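So the chains spell out like this:
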Amino acid sequence: MGLLLFGLLPYRFLRNGLLEDNKSRRQANLALACGLSILVFLPLFGAGWIPRPLMSVVGGAQVLLGISGVALAIASLRSRAKDEWTGRTGAVLGGLMSLMHALAGLGVALVPVLADIRPDPGTAWTYTDPAQGFHVKLPSGRWRQVRGPKGETAFTHAAPRMQAIILSTKEAQTLESYEAAAASHREHLDRSKPCRSTVVHRRGTTPSGNPFTYSTCAESSPSGQKTFVATSIVFCKDRGLLVLILCEGQSKMLSSSFQDLEDESFQAAASYILESVE
């Protein structure tokens, strides 16, 4: 129903444009239809109906509509004197709205690239701890090593904003002490107010055979900003070492489609990092 209501206004100008005999008026109405057609796309993104593979296609269609509207608006202004039509408001508004539509479409087309922090095998790199010798893999060359808030070794990704922090390491550990630490960590997250309603735990082994416990949850601030949180406790058997790493990703998107896109990227990057310890 919402999509139908949003589509009535651009349809009205499209219909008027197709039925109009005056060339300049026809072009102005069609320019308004192109600009106002953004109203058809807004509920699609807000409801999360646009899947990731189609983002660039839909954005490209918006850019095409926007550019067409701008061209029609310019043509209307040029031909209005010849057609003995003195009005220019419709053409100007149609041109401005079409330009906004084109820019919005460009943003939509670029979001899958800008919001994608999934692993890139071509630029992925490995951090080696100088003191204890364990390794952590970073998904791409856009990750940079920094110092954490308490001096910890940390890694950041600028946009979308994400960080990974090596919170702690414990030496001279056994499989039994790992199991106890992992169970305690899971219980802590299950009791944590920000996480307990969304927390999910998963256990497994890394490619090198080290057991790990991987947990994710979604936190929301009072202002409504969402933060993806993932933690992992990995037991490096050959080193007798427990490693605890935290990943956080801060969502900036407002629509459901774009939030899902960010969440997929956060999940993929965190899983790559947290399960790579060896």
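In this report, the structure presented in the accompanying data block is examined. (Residues numbered from 1 in each chain as written. Predicted model: local features only at pLDDT ≥ 70, side-chain atom pairs only at ≥ 80, totals over all residues. Heavy atoms only, no water.)

Structural notes on the pattern of salt bridges
Applied cut-off: The salt bridge criterion pairs a side-chain nitrogen of Lys or Arg with a carboxyl oxygen of Asp or Glu, the two atoms within 4 Å. Helix numbering and strand numbering both begin at the N terminus, where a helix is a DSSP run of H or I of at least 4 residues and a strand a DSSP run of E of at least 2. Think of it in three bands: residues with accessible area under 20% of the maximum for their type are buried, residues over 50% are exposed, and the middle band is partly exposed, with areas taken using a 1.4 Å probe on protein chains only.
Taken as a whole and judged by the stated rule, the model has two salt bridges. Linking R202 and E275 is a salt bridge whose minimum nitrogen-to-oxygen distance equals 2.6 Å. Of this pair, R202 sits in strand β6 (residues 200–205) while E275 sits in the segment after α7 (256–274), placing them 73 residues apart in sequence. Judged by its relative accessible area of 36%, R202 falls in the partly exposed class. Owing to a relative accessible area of 18%, E275 belongs among the buried residues under this scheme.

A short note on the environment of P211
Cut-off, in case you're wondering: Any pair of residues with heavy atoms lying within 4.5 Å of one another is described as a contacting pair.
With respect to the secondary-structure elements, P211 resides in strand β7 (residues 211–220). Each C-alpha atom, one on P211 and one on C236, is 7.7 Å from the other, the two residues being 25 residues apart in sequence. The contacts of P211, once residues within four sequence positions are left out, are L175, Y178, G204, T205, I233, V234, F235 and K237.

A few points about unusual backbone geometry
For A172, which is not glycine, the phi torsion reads 55° and is therefore positive. Looking at the secondary structure, you find A172 in the loop between β5 (162–170) and α6 (175–191).

A word on the pairing of β6
The criterion, for reference: Note: two strands are recorded as paired if DSSP finds a minimum of 2 bridges between them.
For β6 and β7, the ladder comprises six bridges, and the chain directions are antiparallel. Considered in β7, the bridge of T205 is made with P211. Linking β6 back to β7 in an antiparallel pair, the connection comprises five residues, with G209 at a positive phi of about 90°.

Brief notes about the side chain of E275
Stated formally: Pairing of N or O atoms within 3.5 Å defines a polar contact, subject to two protein rules: one partner must be a possible hydrogen donor and the other a possible acceptor, and residues neighboring in sequence count only if both atoms are side-chain atoms.
There is a polar contact of 2.6 Å between the side chain of E275 and the side chain of R202. Within the structure, the side chain of E275 is placed 3.0 Å from the side chain of S271, a separation counted as a polar contact.

Quick notes on the environment of Q267
Tracing the backbone shows Q267 in helix α7. Remark: the alpha-carbon pair of Q267 and A230, spanning 37 residues in sequence, is separated by 8.2 Å. If near-sequence neighbours (up to four positions away) are discounted, Q267 is found in contact with Y214, T216 and F228.

Some details on the packing of aromatic side chains
The test is simple: A pair of aromatic rings is counted whenever rings of Phe, Tyr or Trp (Trp by its six-membered ring) have centres within 6.5 Å, and the orientation is called stacked for planes under 30 degrees apart, edge-to-face for over 60 and tilted otherwise. Only when the NZ of Lys or the CZ of Arg is both within 6 Å of the ring centre and within 35 degrees of the ring normal is a charge said to sit over the ring.
On inspection of all chains with the given rule, the structure shows four aromatic pairs. Considering the side-chain rings of Y178 and F235, the 6.1 Å spacing of their centres and the 15° angle between planes classify their relative orientation as stacked. Taken together, the residues Y178 in helix α6 and F235 in strand β8 (residues 226–236) connect sequence positions 57 residues apart. Residue class for F235 comes out buried when judged on its relative accessible area of 5%. Consider the rings of F228 and F266, whose centres lie 6.0 Å apart with planes at 15°: the pair is stacked. Residue F228 is located in strand β8, and its partner F266 is located in helix α7; the two are separated by 38 residues in the primary sequence. Residue classification places F266 among the buried residues on the basis of a relative accessible area of 2%. Ring-pair connections join several aromatic residues into one group, and the members of that group are W125, Y127 and F155. Geometry around F13 places R12 over its ring, the cationic atom sitting 5.6 Å from the centre.

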